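# Tertiary structure, described
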Amino acid sequence: MSLSRVGVYVCHCGTNIAANVDVARLAEFARSLPGAVLARDYPYMCSDRGQALIREDVSEQALDRVVVAACSPRMHEPTFRDAVRQAGLNPYMVEMANIREQCAWVHDDRARATEKATRLVASAVARAVLLEPLEERQVDVEPGVVVIGGGIAGLAATLTVAEAGYSAYLVERSGSLGGRVRELDRTYPTLDKVQVVLRELVSRVAAHPNVTILLRSSVTSVDGCVGDFTVEVKTRGANLGEGVDASRDSQTLVVGSVIVATGFDPFDPRRKPELGYGQYPSVITTLELEQRLAAGDLGDNGAAPRRVAFLQCVGSRDVQVGNPYCSRVCCMVVAKQARQLRGLMPDAEITVYYSDVRTFGKGAEEFYDETRAQGVLYRRASVSEIVRSQNRVRLVGEDTLLSRAIGVEVDLVVLATGMEAGADSASLSAMLRLQRSPDGFFLEAHPKLRPVDTATAGVYLAGCCQGPKGIADTIAHAKAAASSALIPLLRGSVQADAATAIVNPALCANCGLCVEECPYGAPALDPFRGVATVNALLCQGCGACAVVCPAKAISLQHATACQVLAQVDALMA
Amino acid sequence: MRAVIPVSNGDTLGAVRDFLRALITEEVVDAVLVPMETTDGAVAPALVADPELLEAANPLAPVLGLNAAPVVGHVSLRTPRARIGVVLRSCEMRALVELVKLRQADLADLVTIGVDCLGTYDVPVYNALRDSKGGGALDSDALLASAETGDLAPQEGYAFRDGCQMCEKPHAEGTDITLELFGADLRVGIPVSLPDDVAVRLGLVAAALDSGEEHGRRVKVVERLVRARTQVRDARFAEILARLADRRLGRIFASCVRCHNCMTVCPICCCRTCLFRTPTFEHEPMQYVSWAERKGACRLPADTLLFHLTRLNHMALSCVGCGVCTSSCPVQLPVGSVFRAIGHRLQGTFDYVPGRDTEEPLPMVTFRENEWSEIGEE
Ligand SMILES: Cc1cc2nc3c(=O)[nH]c(=O)nc-3n(C[C@H](O)[C@H](O)[C@H](O)COP(=O)(O)OP(=O)(O)OC[C@H]3O[C@@H](n4cnc5c(N)ncnc54)[C@H](O)[C@@H]3O)c2cc1C
Ligand code: SF4
Ligand code: SF4
Ligand code: SF4
Ligand code: SF4
Ligand code: SF4
């Protein structure tokens, strides 16, 4: 046991840790732990100098294991693994004790936080002593990307991948490309004809030699891992896409990354029956007005409405329908449409009933000011009901600034319906092992640092499937997703985590529990040997199999029963 | 089909033996796995290929040392294999169903033969009883006679196994062939339900039982028995749960000698090598010392409580209540009652009934999105 030589490094993280934990005492305590040969504290272990300290000690003091007491391993474990790798140690001989997020940041009693930190460090050292070197694996990357969803996000991502010189397969469920943007007229804040922009993008994508477009198609299964995904695509009816054999209705694509760009579903205002949508023809949605504007026909049979009301936040910021979030585009969509109507019907009275107006973004606030300057009225109100009033409808509610009841008769009501996660998000999330945030949209790996990555390596998010966005943000997001998706392709090979599950065949009873438990389909029963085996390429190291296997015949390398027991035991000491 | 196996001269056991023999001679099966009696009266399961030897078969002997479900796995799990008739008590059949789910047995080439269980003695008790009657095989006429009314009672001065006393499912269910002892006058005939083609081969004809009151009698006897046994069971559970609340698991198992018998005999514990017999639990000397220093004292052998907790964790959802663990405990701890009491509550949580149906998925590997939403995140 004491044959190991562990070096312990306590990070101050500036004052992040040092303010609440006595780092010098902690280092002194660490020196007394069985197996530890040295312990130091240092202001920033992740800095170049901090890492150099580890490298020097590994060579000069012949350390064979390193414990870093600092932040979460999700933050800097890769950093310290690299550091020891450079010093000639196996990168899996590093253990981190999280004394920042799980200690310094959440306690304010310095003495007790220091006491807790000693336990965390003791536990990390107990485990470090039992660490075993693991062999890292390189996986060759297939030079292609599947993009699911051919809206503006999917198009932008596809083009970026194709331009970088890699094959892009664009899988679109419907019979045409463009998604929701196909239904739009002009965009805020420039009032450009959006179809012109879209047509150009679509034709560039369609004409690109690296692009394969699969219309009326959906992905039916995704297997494998970053660098080597096998994607099954099913196509309904004749395929109009180019370069694709129209006679085949399903095909297998093997690619290195997958980009999900499946967009959003508009909120269905029938879920708020008090607004009379579907009941009164003069109550329409912004999407329908958009289509009418694009067609140049307001659907009013020539009798221009004299009074128009826009209702903001329909199905957004509304806990009752389960959508507490802001859909981000509606305020600007309303400002845009109101401005367009103003131009078409100079005499009409146009009022926007809002609860807050949120016009962030370049040129947006200016656009909103100009809309008001042109005579569009904004009234802070909460509209509780829309009822029939002869051949018009009547808005009933309250002016929330004046605290006065509202009862206005109008010719046209436009509901600014928000965005919701696509109806098939649940099945997609199961297929791609994507997590979803409480609002139902796909969850990014980190809200700030990794906005296009997901918890599954090699799968990226583009556009509104991750959350509501306007076109500009969607395209920025999509190009970011494409760049990230290109990283493994450009590298040509990816390093797969070596901390996968392995089976000890002598202990395996062939019960198959692990096979059923694994979310990634990695273990299988070998019919000849009568034991489970693990496909290391599929294994994500989640450990579910090791938990369910009673005999621990299957175990997670780097989290063996002995390591975990030692860790728990030291924690309780 | 339901038929009656004829009994001549009141020799019920003889009729059962003839029936099993016919299964082999009429080529329904190649061999029969059944409890056999040795010449001096001990009883143990054996795989019998020679029909002549079935003269020593005794599936009615009121003794159970071993739950035979795991050995059924031995003869059924891999191919090539033979067609085998397996004679099982109800707790053994339930265990077999669980083992099928755990891929430790395969029903494909088996003919399961269930026998209503009239209660069993622990092996030493059974032996003592035999000795008191002058040795040799035990005459179980009295017990067989009680099948008709369901007033099952052990020989005076002796007790059935702890597991049997609280067994609320003594009646055979879910087997291919069922010897329906409850409610029947076994001196005259043994009602049996079996597949039509097997009946034809054995020359049995459908009895006018289906409509008749005989079947109704079995149902009534079983109902009454289940009710009575459930009461005993619930009283036992209440007692154990009170002890658990009061003295906790550690105290109940305080005198456990950690012989692992309970795990070895448990039909559900089907690991090749139990985790607790691997080096995972071989600690360094200083480890024991540090535990002793931390807590003041460290019980040895260590990890005894952890063993029981882990075993509960691994198999209590599938505990079929056979009680062979209690029977095998050298220090007479109420292992089975504890495992059943805790298992019963766990099983209820997941609406899971072990042994009911091979198609019923194991809760451990079933993911329900809304499960236990009261704990943790929505
Ligand atoms: C009324 C309204 C007006 C708007 N006006 C503006 C504006 O003026 N300016 C602005 O910047 N933004 C505007 N927006 C926002 C704009 O519509 C979105 O930013 C844009 O549509 C997002 O593009 P997307 O590709 O992410 O999603 P989508 O447009 O929803 O495209 C998703 C695509 O994926 C396909 N798909 C979905 N699921 C699958 C699947 N499982 N398999 C294969 N394919 C699938 C769909 O068929 C669709 O083609 C407006 C939105 C609305 C509702
Ligand atoms: S759960 Fe364990 S014993 Fe069962 S098949 Fe998997 S590795 Fe083998
Ligand atoms: S650790 Fe086990 S359950 Fe998790 S992915 Fe690997 S094989 Fe599957
Ligand atoms: S724990 Fe005891 S009662 Fe339960 S199945 Fe195992 S041996 Fe039978
Ligand atoms: S206690 Fe657990 S590990 Fe041991 S044999 Fe039973 S199921 Fe297997
Ligand atoms: S059989 Fe009894 S003594 Fe042996 S391990 Fe089980 S409970 Fe302990």
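A brief look at the structure comes next. These figures come from a predicted structure and were not determined experimentally. (Residues numbered from 1 in each chain as written. Chains lettered and ligands numbered in written order. Predicted model: local features only at pLDDT ≥ 70, side-chain atom pairs only at ≥ 80, totals over all residues. Heavy atoms only, no water.)

## Regarding the overall build of chain A
Broken down by element type, chain A carries 14 helices and 29 strands. For chain A, the spread of C-alpha atoms along the principal axes amounts to about 90 × 65 × 45 Å. Residues classed as buried in chain A amount to 53% of the 573 residues present. In chain A, the proportion of contacts linking residues at least 24 apart, taken out of those at least 6 apart, comes to 69%. As displayed, chain A has an accessible area near 25,200 Å², and 51% of this comes from carbon and sulfur atoms. For chain A, the distance from the average position of its 57 positive side-chain charges to the average position of its 63 negative side-chain charges is 3 Å. (Helix = DSSP H or I, 4+ residues; strand = E, 2+ residues; numbered from the N terminus. Buried < 20%, exposed > 50% of the residue type's maximum accessible area, 1.4 Å probe, protein only. Contact = heavy atoms within 4.5 Å. Areas by Shrake-Rupley, 256 points an atom, 1.4 Å probe, with all protein chains shown as cover. Lys, Arg positive; Asp, Glu negative; His and termini not counted. Charge placed at Lys NZ, Arg CZ, Asp CG, Glu CD.)

## Quick word on the overall build of chain B
Broken down by element type, chain B carries 13 helices and seven strands. A globule of 378 residues ought to have a C-alpha radius of gyration of about 21 Å, and chain B, at 22 Å, matches this closely. If you line up chain B on its principal axes, its C-alpha atoms span 75 × 55 × 40 Å. Buried positions account for 49% of the 378 residues belonging to chain B. For chain B, the accessible area works out to roughly 18,000 Å², and carbon and sulfur atoms hold 52% of it. A gap of 7 Å separates the mean positions of the 39 positive and 50 negative side-chain charges of chain B. (Rg over C-alpha atoms; globule rule 2.2 N^0.38 Å.)

## Details of unusual backbone geometry
The omega torsion of the bond from A:Tyr188 to A:Pro189 falls at -10 degrees, within 30 degrees of zero and hence cis. When you line up the elements, A:Pro189 lands in the loop between strand E8 (186–187) and strand E9 (192–193). A cis amide bond links B:Leu300 with the next residue in sequence, B:Pro301, at an omega value of -5 degrees. Of note, B:Pro301 is situated in the loop between helix H10 (285–295) and helix H11 (304–315). Located in the positive-phi region is B:Gln332, a residue other than glycine, with phi close to 55 degrees. By relative accessible area, B:Gln332 is classed as exposed at 69%.

## Describing the site of ligand 2
Every residue close to ligand 2 is listed here: A:Cys508, A:Ala509, A:Asn510, A:Cys511, A:Gly512, A:Leu513, A:Cys514, A:Leu525, A:Ala532, A:Cys549, A:Ala553 and A:Ile554. Its residues placed into classes, the shell around ligand 2 shows 10 nonpolar, two polar and no charged. (Near = heavy atom within 4 Å. Nonpolar A, V, L, I, M, F, W, Y, C, P; charged D, E, K, R; others polar.)

## Digging into the interface of chain B and chain A
On the side of chain A, 23 residues touch chain B, which itself brings 20 residues to the contact. For the chain B face of the interface with chain A, the top three residues by lost area are B:Arg272, B:Arg294 and B:Val365, together amounting to 31%. In this structure, the connection of chain B to chain A is made through one salt bridge. With its nearest N and O atoms 3.3 Å apart, the salt bridge here joins B:Arg294 to A:Asp569. It is H10(B) that contributes the most residues to the side of chain B that touches chain A, three residues altogether. Taken together, the residues that form the side of chain B that touches chain A break down as nine nonpolar, six polar and five charged. (Buried area = accessible area lost by both parts, 1.4 Å probe. Salt bridge = Lys/Arg side-chain N within 4 Å of Asp/Glu carboxyl O.)

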